[in-house]
Amino acid sequence: MPSLCDVEEPATLALETKPAVSRKESLLRRWGPAVIAIAGVIALNGFLLGPSGDNVPDLTQKHMNSRKLAQQRTNAIMEMDFD
């Protein structure tokens, strides 16, 4: 019985192919952008807050009132009797 398969090899398989050379990614190429981003964030925070962190602004009266009211509501809830 005749074979239904093609016995000839395709021309593309007959060509010699070079194996792909995998290069290991360097440490600087992999982690360099992350290290630069972290250093930038630390530098920006140091610039905005000052070297000792003294440039943090004080709370305004509006924030103080908001905190006082929140504490009063929390205390009122804590004093409630639960069944």
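Our subject is the structure that appears above.
First, a word on scope: everything that follows refers to the structure included in this document. Remember, it's a predicted structure, so these values are computed and weren't measured experimentally.

### Some details on the overall build of the chain
For step 1, the next point in the chain: Along its length, the chain carries three helices and zero strands.
For step 2, the next point in the chain: Counting helices and strands in the order they occur from the N terminus, the chain gives α-α-α.
For step 3, the next point in the chain: The buried share of the chain, reckoned over its 83 residues, is 2%.
For step 4, the next point in the chain: Per element, the accessible surface of the chain, about 9,000 Å² overall, is 62% carbon and sulfur.

### Some thoughts on the pattern of salt bridges
For step 1, the next point in the chain: Applying the stated criterion across every chain yields a total of one salt bridge.
For step 2, the next point in the chain: As a salt-bridge pair, Glu25 and Arg30 come within 3.7 Å of each other at their nearest N and O atoms.
For step 3, the next point in the chain: Overall, the relative accessible area of 44% leaves Glu25 in the partly exposed class.
For step 4, the next point in the chain: You can call Arg30 exposed: its relative accessible area is 51%.

### Quick notes on helix H2 (residues 27–49)
For step 1, the next point in the chain: Taking 1.5 Å as the rise per residue, H2 with 23 residues should run 33 Å; its terminal C-alpha atoms sit 32 Å apart, in good agreement.
For step 2, the next point in the chain: The largest bend along H2 measures about 30 degrees and falls at Pro33.
For step 3, the next point in the chain: Of the residues trailing H2, Gly50 is marked for its positive phi of about 90 degrees.

Rules behind the numbers
Residues numbered from 1 in each chain as written. Predicted model: local features only at pLDDT ≥ 70, side-chain atom pairs only at ≥ 80, totals over all residues. Heavy atoms only, no water. Helix = DSSP H or I, 4+ residues; strand = E, 2+ residues; numbered from the N terminus. Buried < 20%, exposed > 50% of the residue type's maximum accessible area, 1.4 Å probe, protein only. Areas by Shrake-Rupley, 256 points an atom, 1.4 Å probe, with all protein chains shown as cover. Salt bridge = Lys/Arg side-chain N within 4 Å of Asp/Glu carboxyl O. Expected span 1.5 Å × (residues − 1). Bend = angle between axes of the 7 residues up to and from the residue.

Read these as geometric descriptors, not functional statements.
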